[in-house]
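Close look at the chain arrangement
Below, each chain spelled out in residue letters.
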Amino acid sequence: DQQVKQNSPSLSVQEGRISILNCDYTNSMFDYFLWYKKYPAEGPTFLISISSIKDKNEDGRFTVFLNKSAKHLSLHIVPSQPGDSAVYFCAATLYGNKLVFGAGTILRVKS
Amino acid sequence: NAGVMQNPRHLVRRRGQEARLRCSPMKGHSHVYWYRQLPEEGLKFMVYLQKENIIDESGMPKERFSAEFPKEGPSILRIQQVVRGDSAAYFCASSGQGTTGNTIYFGEGSWLTVV
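Since this is a predicted model, take the numbers as computed values, not measurements.

This next bit is on the side chain of Gln3 of chain A. Residue and element names in this part refer to chain A. As for its placement among the helices and strands, Gln3 is situated in the segment before strand E1 (4-5). A polar contact of 3.0 Å, which involves the side chain of Gln3, links it to the side chain of Asn27. Discounting residues that sit within four places of it in the chain, Gln3 has contacts with Asp24, Tyr25, Thr26, Asn27, Phe30 and Val100.

Right, let's get into the layout of surface pockets. A volume near 500 Å³ is recorded for the largest pocket. Taken together, 24 residues make up the lining of the largest pocket; nearest its centre are Val87 of chain A together with Gln37, Pro39, Glu40 and Glu41 of chain B. Listed by contribution, the elements that provide at least two residues to the lining of the largest pocket are strand E9 (86-94) and strand E11 (105-110) of chain A together with strand E9 (88-95) and strand E11 (110-114) of chain B. Of the residues in the lining of the largest pocket, the class split is 15 nonpolar, six polar and three charged.

Right, let's talk about the interface of chain A and chain B for a bit. Contacts between the two partners involve 20 residues from chain A, matched on the other side by 22 residues from chain B. Linking chain A with chain B are one salt bridge, by the criterion used here. For Asp56 of chain B, the salt bridge goes to Lys98 of chain A, with nearest N and O atoms at 3.5 Å. Sorting the residues of the side of chain A that touches chain B by element identifies strand E4 (32-38), strand E5 (45-51), E9 and strand E10 (98-101) of chain A as the ones contributing at least two each. Looking at the side of chain A that touches chain B, the element that brings in the most residues is E4 of chain A, giving four residues. When grouped by side-chain class, the residues that make up the side of chain A that touches chain B number 10 nonpolar, seven polar and three charged.

Evaluated as defined, the whole model comprises two disulfides over all chains. At a sulfur-sulfur separation of 2.0 Å, the disulfide partner of Cys23 of chain A is Cys90 of chain A. Every disulfide takes its handedness from the sign of the S-S torsion; for Cys23 of chain A and Cys90 of chain A that torsion is -75°, giving left-handed. Of this pair, Cys23 of chain A sits in strand E3 (residues 19-25) while Cys90 of chain A sits in strand E9, and the two are 67 residues apart along the sequence. Here Cys23 of chain A and Cys90 of chain A have matching classes, each one buried. Across the disulfide, Cys23 of chain B is cross-linked to Cys92 of chain B (sulfur-sulfur distance 1.8 Å).

The rules behind each value
- Residues numbered from 1 in each chain as written.
- Chains lettered and ligands numbered in written order.
- Predicted model: local features only at pLDDT ≥ 70, side-chain atom pairs only at ≥ 80, totals over all residues.
- Heavy atoms only, no water.
- Helix = DSSP H or I, 4+ residues; strand = E, 2+ residues; numbered from the N terminus.
- Polar contact = N/O pair within 3.5 Å; in protein donor to acceptor, adjacent residues only side chain to side chain.
- Contact = heavy atoms within 4.5 Å.
- 1 Å grid on protein atoms, 1.4 Å probe; cavity = no way out; pocket = protein on both sides within 12 Å on 5 of 7 lines; lining within 4 Å.
- Points joined across faces, edges and corners; volume = space filled by probe spheres on them.
- Nonpolar A, V, L, I, M, F, W, Y, C, P; charged D, E, K, R; others polar.
- Salt bridge = Lys/Arg side-chain N within 4 Å of Asp/Glu carboxyl O.
- Disulfide = S-S within 2.5 Å.
- Buried < 20%, exposed > 50% of the residue type's maximum accessible area, 1.4 Å probe, protein only.

Okay, here's the thing in structure tokens:
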């Protein structure tokens, strides 16, 4: 059962423009949503998170939006940089511990 | 990723052999998690351990897989009688008390290849 879904396997964006990565979930009991960035042959690195009681969280170039009624969240990266090229995983937690991951979206930022 | 140490980084085993993957959590962390990433898939939760206790093993295959986190030493993920389908990247993560999801740190991963 895929409780967290990232329906776009890949996304290509021009440097300087906005990257929007999307994620849908099915379990309304999730209490935190997180985004991780992963380079090949490395472990995931935490980027940004949002509590289920919020609808927006911003950290520098990264903003996460949560739409609970639609069970949808998105990560906005503005402006996109070539170093942002990586796989981005959406994840959710139940009671703060076990992470449930989506399948990931490959972001390519072209210079 | 700094602080969570996994070894070996790469491991090749023949079918039927045993694989042991080790994870030393970040200093001060007492919670350890193991995740597996199969090719073209996301990370799948396997097991959550605290010192000397398995808290949640709902993601562990019922046979051949076991995990421990002893009082002293690293956490070990053990796979007995490996099969080709066990080939994957295995990631360990750790956290301290009062985790809220964003304080879970991952290691660099161990890549298991079964030939």
